[in-house]
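# Survey of secondary and tertiary structure
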Amino acid sequence: MSESVYKVIGLVGTSPASWEIAADNAVEIASTSLKDLRVAEIAKLDMTVENGKVTDFRTRLKLSLKTD
C-alpha cells in the first residue's frame, strides 16, 4: 500500500434552505479550484437569525485533499 499525505482546510458553506445544502455548496465551490478532494467532515453547524427568523444555515467543514 502506498503512503499518502493529505492537507486539511477549513471552509464555511451557507444556504438559506438547510445545513446539507450549505455543505454541498462549500464542497462544490471548492472543487472548482482544488484537486483531489477526499473527505469532508462537518465541524460545526450554526445559523444566522434576524428578527427572530433563521436567515442562513452555515456549515463549517474540514475538507481534506491529497497533496502531490
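The structure reproduced in this document is the subject of the present report. Note that this is a predicted model, so its numbers are computed, not measured.

Here we take up helix 1 (residues 19–30). Side chains of residues three or four places apart in an α-helix project in the same direction, reflecting 3.6 residues per turn. Across its 12 residues, helix 1 extends 17 Å between first and last C-alpha, which sits within 8% of the 16 Å expected from 1.5 Å per residue. Along helix 1, the positions that sit buried rather than exposed are Ala22, Ala23, Ala26 and Ala30. One side of helix 1 carries all its buried residues, which in axial view fall inside an arc of 100°. Among the exposed residues of helix 1, those oriented more than 90 degrees off its buried face are Glu20, Asp24, Glu28 and Ile29. By the N-cap criterion, in which a side-chain oxygen at the helix start approaches the backbone nitrogen of a residue two or three places on, helix 1 is capped by Ser18, the distance to Glu20 being 3.5 Å.

The rules behind these values
- Residues numbered from 1 in each chain as written.
- Predicted model: local features only at pLDDT ≥ 70, side-chain atom pairs only at ≥ 80, totals over all residues.
- Heavy atoms only, no water.
- Helix = DSSP H or I, 4+ residues; strand = E, 2+ residues; numbered from the N terminus.
- Expected span 1.5 Å × (residues − 1).
- Buried < 20%, exposed > 50% of the residue type's maximum accessible area, 1.4 Å probe, protein only.
- Arc of directions from axis to C-beta.
- Polar contact = N/O pair within 3.5 Å; in protein donor to acceptor, adjacent residues only side chain to side chain.

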